[in-house]
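Survey of secondary and tertiary structure
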Amino acid sequence: MLLSKKTHLEQETSTSNNSLPSWDIFCAVVDNYGDIGVCWRLARQLVAEHDLKVRLWTDDLISFQKINPEIDPLLPVQVSRGVEIKQWAESNMAVEPADVVIEAFACELPAAYVAAMAKNGRRHAWVNLEYLSAEEWVDSHHGLPSPHPRLPLIKHFFFPGFSKNTGGLLVEKNRLEQRAIFQADIKLRTAFWQKLGIPAPEKNEIRASLFCYGNNSALSLFTGWAKGATPVTCLIPEGVATTQISAFFGAPHPEEGNLFKKGSLIVRVLPFLEQDNYDKLLWACDFNFVRGEDSFVRAQWAARPMAWQIYPQESGAHWPKLKAFLSRYCFDLPQSTAAVLTTFFEAWNRGEAGVPDWESLWRHRATLEKHVQEWANRLIKKVDLTTNLVNFCNNKLK
Ligand code: TRH
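About the criteria used
- Residues numbered from 1 in each chain as written.
- Predicted model: local features only at pLDDT ≥ 70, side-chain atom pairs only at ≥ 80, totals over all residues.
- Heavy atoms only, no water.
- Domains from an automatic or database assignment.
- Contact = heavy atoms within 4.5 Å.
- Buried area = accessible area lost by both parts, 1.4 Å probe.
- Salt bridge = Lys/Arg side-chain N within 4 Å of Asp/Glu carboxyl O.
- Polar contact = N/O pair within 3.5 Å; in protein donor to acceptor, adjacent residues only side chain to side chain.
- Helix = DSSP H or I, 4+ residues; strand = E, 2+ residues; numbered from the N terminus.
- Nonpolar A, V, L, I, M, F, W, Y, C, P; charged D, E, K, R; others polar.
- Near = heavy atom within 4 Å.
- Areas by Shrake-Rupley, 256 points an atom, 1.4 Å probe, with all protein chains shown as cover.
- Axes fitted to C-alpha atoms, helices over the stretch in contact; angles between N-to-C directions.
- Parallel < 35°, antiparallel > 145°, perpendicular 65-115°, else oblique.
- Left-handed = near helix turned anticlockwise from the far one by under 90°.
- Buried < 20%, exposed > 50% of the residue type's maximum accessible area, 1.4 Å probe, protein only.
- Pairing = 2+ DSSP bridges.
- Disulfide = S-S within 2.5 Å.
- Phe/Tyr/Trp six-rings, centres within 6.5 Å; stacked < 30°, edge-to-face > 60°.
- Lys NZ or Arg CZ within 6 Å of the ring centre and 35° of its normal.

Before going further, it helps to examine the domain arrangement of the protein chain. With domains assigned, the protein chain is organised as domain 1 (2–169 + 383–397) and domain 2 (175–379). Taking only C-alpha atoms into account, the centre of domain 1 sits 30 Å from that of domain 2. Listed per partner, the contact involves 25 residues of domain 1 and 24 residues of domain 2. Between domain 1 and domain 2, the buried area comes to about 2000 Å², and carbon and sulfur atoms account for 54% of it. For the domain 1 face of the interface with domain 2, the top three residues by lost area are Arg-41, Lys-66 and Phe-162, together amounting to 31%. Counting across the interface, domain 1 meets domain 2 through six salt bridges. The shortest N-O distance in the salt bridge between Glu-274 and Arg-81 comes to 3.9 Å. Counting every contact that joins domain 1 to domain 2 gives eleven residue pairs in polar contact (both at pLDDT 80 or more). Counting residues per element, the ones that place at least two in the side of domain 1 that touches domain 2 are α2 (34–50) and α3 (61–67). Per-element accounting of the side of domain 1 that touches domain 2 gives the leading share, five residues, to α2. Grouping the constituent residues of the side of domain 1 that touches domain 2 by class yields twelve nonpolar, four polar and nine charged.

Below, the structure written as C-alpha cells:
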C-alpha cells in the first residue's frame, strides 16, 4: 500500500517518546555552513541521545545538502536521521509551536509563530543559542532572561563556551572513544582513505586538511611546504582557497578531484564531505586548518594540532575572541611553544605574506601533539552542550 507523505513522516519520527517535550530549532543561514552545521549536529544528537522529537527549520536546504547529502533541497518537509526537516518558508509555517523553541544565532522567529506561543496557554522554553566565544564575559551572560516587550514570554540566552559556567561544547556521546579507536587502527584509516579515493599517507608524509576563508597566507604556506624536505599532502574542500590554489599552481579553475604538485607539496581538492566523514578527515590528518565555529570545535575533539581562522568581522571584533581562545588554549603550554603557536595563529588570521612560519611551528610537533590530547580530555569532562541545553530547557518548562 502506498503511504501518503504525511503518514510516512509520522511513521519515521514516531519512535520518539511522546511524553517528552517537543523541540523546534530555527536556523537562518547567514552565510557559509556553520549555522546549519551547528544546528544539524544539535538536532540529530537530541534525537539519537535524548530520544526527543525534533523539527529543524532552515531557509537554506542547498547549504544543508552540502554537509548532509540525504537532503533534497526541493522538499518542503523531509526526515533525515530521525529529525523532521522543514523548509522555513511562509507557506510551511502553519504549525503548533513546540514545547522547546531554539532560535539559533538570534535568527528571529516568525512573528506569527511567536504570537502562537503566547496564545496557546502552554509553557514554552524559548532559547537563543548564541555563537561560541572563549571570552570571560560569556560566563556571566549565559542563561540570562530577556522578557518579550509585549507578550507574556521570556527568551533565554544560551552561550556555548569553554568554562563550566557556560553551555559547553557540542560533542556526541563516545565521540572521543570512537576517535581514539580510529586513530589507533591503521586498517580503519586506510579504509577511510580508500573510500575517499586517496592513497594512505607515506611513512614520513605530513597530511593536512585546510578549511579557511580567502586567506593569502595559504600562498606562503604552499611555498614553504613545496620547498621543504618533507612530503606534504594538503587536502582542501572544493570552493576553498581556490584563488590561492590557482595562483600557486597556475590552475585556472581548481575543482573537486584535482591534484596539483610542486616540489614536496601535493594539493588534492576534495568534495565537501558528509559531516561525520569530515570529522574523520580531521581525525586522520596530522594537522588541521579550520575556521568559523563548528570545524574549529571538531578540530579540538580530533586531538590533532590545528590552526584556526576565526570568522572575520569588519569591526575587528574577532581579535579579542581569538586572543581569549589562545589564552585558554596556550595556558599549559611551555612558553616557547605558546609563543610560536600564537604567532602562527595571528599571522594566519592576518592573511600575511611571508608568514605563517610552518617550519618553526612544526619543530614543536611533539609538544603540540601531547597538548591537544590533554586539551580534549580536559574539555570533555565538562557536560556536553546538548545535555546542558536539555536540562536548561526542562527546567524552564517546569
Ligand atoms: O562555514 P563556516 O565558515 O561557518 C561560519 C561560522 O559558523 C561563523 O561563526 C558564522 O558566523 C558564519 O558561518 C555564518 O565554518 P564552520 O563553523 O566550521 O562550519 C562548517 C561546517 O561545515 C561544519 O559543520 C563542518 C561542515 N563541513 C562538512 O560537513 N564537510 C566538509 O567537507 C567541510 C569542509 C565542512
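Now for the site of the ligand. The environment of the ligand is formed by 21 residues, the closest being Asp-31, Tyr-213, Leu-273, Asp-294 and Ser-295. In the model, an oxygen atom of the ligand is placed 2.9 Å from a nitrogen or oxygen of the Tyr-33 main chain. Taking Gly-34, its main chain carries an N or O atom lying 2.9 Å from an oxygen atom of the ligand. Relative to its free-state accessible area of 710 Å², the ligand is covered by the protein chains to the extent of 97%. Taken together, the elements giving at least two residues each to the shell around the ligand come down to α2, α10 (275–284) and α11 (294–302). The residues that make up the shell around the ligand include at least three from each of domain 1 (2–169 + 383–397) and domain 2 (175–379).

The backbone of Asp-51 shows a phi angle near 60°, a positive value even though the residue is not glycine. By the secondary structure assignment, Asp-51 is in the loop between α2 and β2 (53–58). Here the phi dihedral of Glu-108 falls at roughly 65°; this positive angle occurs in a residue that is not glycine. If you trace the backbone, Glu-108 turns up in the loop between β5 (100–104) and α4 (111–119).

At a closest axis distance of 9 Å, the pairing of α10 and α11 adopts a crossing angle of 50°. Comparing their axes, α11 and α10 come out oblique. Crossing of α10 against α11: the hand is right-handed. Counted together, Gln-275, Tyr-278, Asp-279, Leu-282 and Trp-283 of α10 and Asp-294, Ser-295, Arg-298, Ala-299 and Ala-302 of α11 form the full contact between these two elements. Residues of the contact of α10 with α11, tallied by class, amount to five nonpolar, two polar and three charged.

Moving on, we get to helix α7 (residues 186–196). Residue Asp-185 occupies the N-cap position of α7, its side-chain oxygen lying 2.8 Å from the main-chain nitrogen of Lys-187. One or two steps after α7, the chain reaches Gly-197, where phi turns positive at roughly 75°.

What follows is about the pairing of strand β10 (residues 232–237). For β10, a buried count of six out of six residues is recorded, marking the element as mostly surrounded by other parts of the structure. Going residue by residue along β10, you find Val-232, Cys-234 and Ile-236 tucked away on one face and Thr-233, Leu-235 and Pro-237 tucked away on the opposite face as well. Sheet analysis places strand β9 (residues 206–210) next to β10, joined by four bridges and oriented parallel. The partner of Ser-209 across the bridge, within β10, is Leu-235.

Enumeration according to the criterion identifies zero disulfides in this entry. Not engaged in a disulfide, the cysteine Cys-39 finds its nearest cysteine sulfur in Cys-27; these two sulfurs lie 3.7 Å apart. Looking at Cys-285, it has no disulfide partner, and the nearest cysteine sulfur is the one in Cys-234, 8.6 Å off.

A word on the sheet that holds strand β8 (residues 154–158). With mixed pairing, the eight strands of this open sheet are ordered in space as β3-β4-β2-β1-β5-β6-β8-β7. Two strands close off the open sheet at either side, each with one partner strand: β3 (77–80) and β7 (145–147). In this sheet, neighbouring strand axes are inclined to one another by 25° on average, regardless of whether the strands run parallel or antiparallel. Bridge count for β2 against strand β4 (residues 83–87) is four bridges, and the pairing is parallel. When the bridges of β4 are listed, Thr-58 appears paired with Gln-87.

This part takes up the packing of aromatic side chains. This model, assessed by the stated rule, comprises 38 aromatic pairs. Consider the rings of Phe-287 and Trp-362, whose centres lie 5.8 Å apart with planes at 75°: the pair is edge-to-face. One end of the pair, Phe-287, is in strand β13 (residues 287–291); the other, Trp-362, is in helix α14 (residues 358–362), with 75 residues separating them in the sequence. Accessibility expressed as a relative area gives 13% for Trp-362, which makes it buried. Clustering of aromatic rings is evident, with ring pairs tying together Trp-225, Phe-287, Phe-289, Phe-344, Trp-348, Trp-358 and Trp-362. Over the aromatic face of Trp-193 sits the side chain of Arg-207, whose NZ or CZ is 4.5 Å from the ring centroid. For Lys-262, the ring lying beneath its charged end belongs to Phe-248, and the centroid distance is 4.3 Å.

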